[in-house]
Amino acid sequence: RYAWFEQMRATQPVWLDEQSGAFHVFRYVEVERVITDFSSFPSQGVCNSILGMDPPQHRSYRNLITCAFTPRTIERLKGRVAEITQALLDEARHKGEMDIVTELAYPLPVTVIAELLGVSPTDQPLFKRWADGLLGQQLSDARLFQPDEQEIQRLGQVHAQMQDYFIALLEERTHAPLDDLISVLLRASTDGKRLSGEEVIEFCKLLLVAGHVTTTDLLSQAIRCFDEHPDVLEQVRKQPELLPGAVEEVLRFASPFWRLTRMTRTEVRLAGTTIPAGTLVFAWLASANRDAEVFPDSERFDITRSPNRHLAFGRGIHFCLGAPLARMETMVALPMILQQLPNVRVIREKPLELFEGEFVFGLKHLPVQFDTEA
Ligand code: HEM
């Protein structure tokens, strides 16, 4: 795909896919403009979610939920993230090998979100199932225009189960609030406005999808990038202060979100091309993040890159609300992995299994080996 991006940036930066009638945008400048200026696409991801809202509805909703992601909340979660990571590492440490994706990078964020929301540990396997179910929807978003019967039924079931679960949880918290996100969201108010129960539920469902697989990708791609650049790994081990820059470079180099979807409200001119009103536009973040006009020597993984204004978390009013949480989880887990799995290296017997969805991109598995204490 990256070779295709490069070719498209050079030859057809704004490309009309005749078959679907949608436009695709590949260069940094246009991608940035599309994601900040164009209208949101209502059926992106979970229906009725904040992702599909435009101002002024977006502003008041976002103000309300922002209170759930304060720097204090993130700081408070740090210790818990370390505990969860430790428990996952303890299960694998004696084995000498593990799958970083399925045994660590996947369970970590789902446990964090479940705990953040106030879901009891016994219900957490349910959460994982729902995340898998909804991700199917994200990956097959193109099919939303003509989803087949089976897909509609499957998604309907996932939504219904989640809906029932959250309605019950909401009821409990309304009567007996706790210190969890659901209770905070129920109490939140700005300018005399509050979130309805339905809005709280929609948001919980979104968090499950938005905050899960993306963080899994970030963490596992970080290990992969380090493995492919042993000099960088050495550097990070010696100088931990380089880690934040390294995480930003992983976000640029292997962006978990491939592309975002927008819609034109009126006719627009973009890089000399006219896009009619009411057209779908796909903005390829992963391509923008490799644009050499903005990132010199863009195909090089360079953890000292500065500035590094990558678009992996989006830009503008929809800028990822969970970015501080994703960064914190990665910053806590990565040094623990590197310290506790001595000489960790990717097993390269087979080619790495990639997960190339419509919107999200990452690794299905990342088998690693490491030394164990004799
Ligand atoms: C929005 C990426 C982690 C919650 C976004 C957007 C991107 C993104 C690109 C913009 C969508 C758009 O403009 O249409 C990522 C990546 C992550 C990550 C790469 C991990 C590495 C998280 C986490 C959470 C989260 C951990 C929460 C637990 C959200 C929410 C929005 C959002 C609520 C919607 C904000 C709005 O529409 O105003 N994310 N995300 N994300 N993200 Fe993330």
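Just above, that's the structure.
Note that the structure is a prediction, hence the values are computed from the model and not measured.

(A) Structural view of the pattern of salt bridges. Summed over all chains, the structure comprises 24 salt bridges. Residue D227 is joined to R348 by a salt bridge in which the shortest nitrogen-to-oxygen separation is 2.9 Å. Highlighted residues: D227 in helix α11 (residues 213–228) and R348 in the loop between β11 (345–346) and β12 (354–356), separated in sequence by 121 residues. We classify R348 as partly exposed; its relative accessible area is 44%. Several salt bridges share partner residues, and in doing so they unite R224, D227, E228 and R348 into one network.

(B) Spatial organisation of the coordination of the iron atom of the ligand. You will see that the iron atom of the ligand has only one donor from the protein, C320 (SG), lying 2.3 Å away. Inspection of the secondary structure assignment puts C320 in the loop between α14 (285–288) and α15 (323–340).

(C) Just the packing of helix α6 (residues 107–117) against helix α10 (residues 197–210), in detail. The interhelical angle for the contact between α6 and α10, taken along N-to-C directions, is 160 degrees, at an axis separation of 9 Å. Relative to α10, the element α6 is oriented roughly antiparallel. Our pair here, α6 against α10, has a crossing hand that is right-handed. From α6, V110, I113 and L117 reach across to α10, where they touch C204, L207 and L208. Here the residues of the contact of α6 with α10 are counted per class, giving 6 nonpolar, no polar and no charged.

(D) Structural detail: the site of the ligand. As a matter of local geometry, the ligand sits amid 29 residues, with H58, R62, R262, H318 and C320 nearest to it. Contact distances for the ligand include 2.7 Å between an oxygen atom and a side-chain N or O atom of H58. Taking H318, its side chain carries an N or O atom lying 2.6 Å from an oxygen atom of the ligand. Among the secondary structure elements, those contributing two or more residues to the shell around the ligand are α3 (57–66), α10, α11, β7 (259–263) and α15. Here the shell around the ligand takes 4 residues from α10, the largest share from any one element. Taken together, the residues of the shell around the ligand sort by class into 19 nonpolar, 8 polar and 2 charged.

(E) Region of interest: the sheet that holds strand β14 (residues 367–369). Within the open sheet, the 3 strands sit side by side as β4-β14-β11. Their pairing is antiparallel. Edge positions in the sheet fall to β4 (97–99) and β11, since each of these pairs with one other strand and no more. Alignment of β11 against β14, held across 2 bridges, turns out to be antiparallel. Looking across to β14, one finds that R345 is bridged to Q369.

(F) Local environment of unusual backbone geometry. With an omega dihedral of 0 degrees, the bond running from P55 to P56 counts as a cis peptide bond. On the secondary structure map, P56 appears in the loop between β3 (39–40) and α3. For the peptide bond that leads from S306 to P307, omega is 0 degrees, which places it in the cis range. Structurally, P307 can be placed in the loop between α14 and α15. Its identity as a non-glycine residue notwithstanding, D297 has a phi of 55 degrees, on the positive side. Take D297: it is sitting in the loop between α14 and α15.

(G) Seen up close, the pairing of strand β10 (residues 280–284). Extensive coverage of β10 is indicated by the burial of 5 of its 5 residues. Neither face of β10 is exposed, since L280, F282 and W284 on one face and V281 and A283 on the opposite face are all buried. Across 3 bridges, strand β2 (residues 22–25) lies against β10 in parallel orientation. Looking across to β10, one finds that H24 is bridged to F282. As paired elements, β7 and β10 share 5 bridges and run antiparallel to each other. Its bridge partner lying in β10, M263 is registered against L280.

(H) Examining the side chain of Q340 more closely. Along the polypeptide, Q340 turns up in helix α15. Side-chain polar atoms of Q340 contact the side chain of R93, separated by 3.5 Å. Setting aside residues no more than four positions away along its own chain, Q340 makes contact with Q86, L89 and R93.

(I) Structural detail: the environment of F313. In this structure, F313 sits in the loop between α14 and α15. In this structure, the C-alpha to C-alpha distance between F313 and V344, residues 31 residues apart in sequence, is 28 Å.

(J) Spotlight on α6. α6 sits mainly inside the fold: 10 of its 11 residues count as buried. Within α6 the residues assigned to the buried category are P107, L108, P109, V110, T111, V112, I113, A114, L116 and L117. Positive backbone phi, approximately 95 degrees, marks G118, located one or two places after α6.

Parameters and conventions
- Numbering of residues begins from 1 in every chain and follows the order in which that chain's sequence is written.
- Local features in this predicted model are restricted to residues of pLDDT 70 or higher, and side-chain atom pairs are both shown and tallied only at a pLDDT of 80 or more, whereas totals for entire chains, interfaces and linings draw on every residue.
- With hydrogens and water stripped out, all remaining heavy atoms of the structure feed into the side-chain values.
- Salt bridges are defined by distance alone: a side-chain nitrogen of Lys or Arg within 4 Å of a carboxyl oxygen of Asp or Glu.
- In this description a helix means any DSSP run of H or I spanning at least four residues, a strand means any run of E spanning at least two, and both kinds are numbered starting from the N terminus.
- Accessible area is worked out with a 1.4 Å probe on protein chains only. A residue is then buried under 20% of its type maximum, exposed over 50%, and partly exposed in between.
- Coordinating donors are taken as N, O and S atoms within 2.8 Å of the metal, stretched to 3.2 Å for Na, K and Ca; because water is absent from the atoms, sites can appear incomplete.
- Think of each axis as a best-fit line through the C-alpha atoms, taken over the contacting stretch in the case of a helix, with angles from 0 to 180 degrees between the N-to-C directions.
- In this scheme, roughly parallel covers angles under 35 degrees and roughly antiparallel covers those over 145, while 65 to 115 is roughly perpendicular and the rest are oblique.
- What makes a crossing left-handed is the near helix being turned counterclockwise from the far one by less than a right angle; a clockwise turn instead makes it right-handed.
- Pairs of residues are marked as contacts when any of their non-hydrogen atoms sit within 4.5 Å.
- The residue classification treats Ala, Val, Leu, Ile, Met, Phe, Trp, Tyr, Cys and Pro as nonpolar and Asp, Glu, Lys and Arg as charged. All others, Gly included, are polar.
- We call a residue near a molecule or strand when any one of its heavy atoms sits within 4 Å of it.
- Throughout this description, a polar contact denotes any pair of N or O atoms lying within 3.5 Å of each other; where both atoms belong to protein, one of them has to be capable of donating a hydrogen while the other can accept it, and for residues adjacent in sequence the pair is counted only when both atoms sit in side chains.
- Any two strands with at least two DSSP-identified bridges between them are counted as paired.

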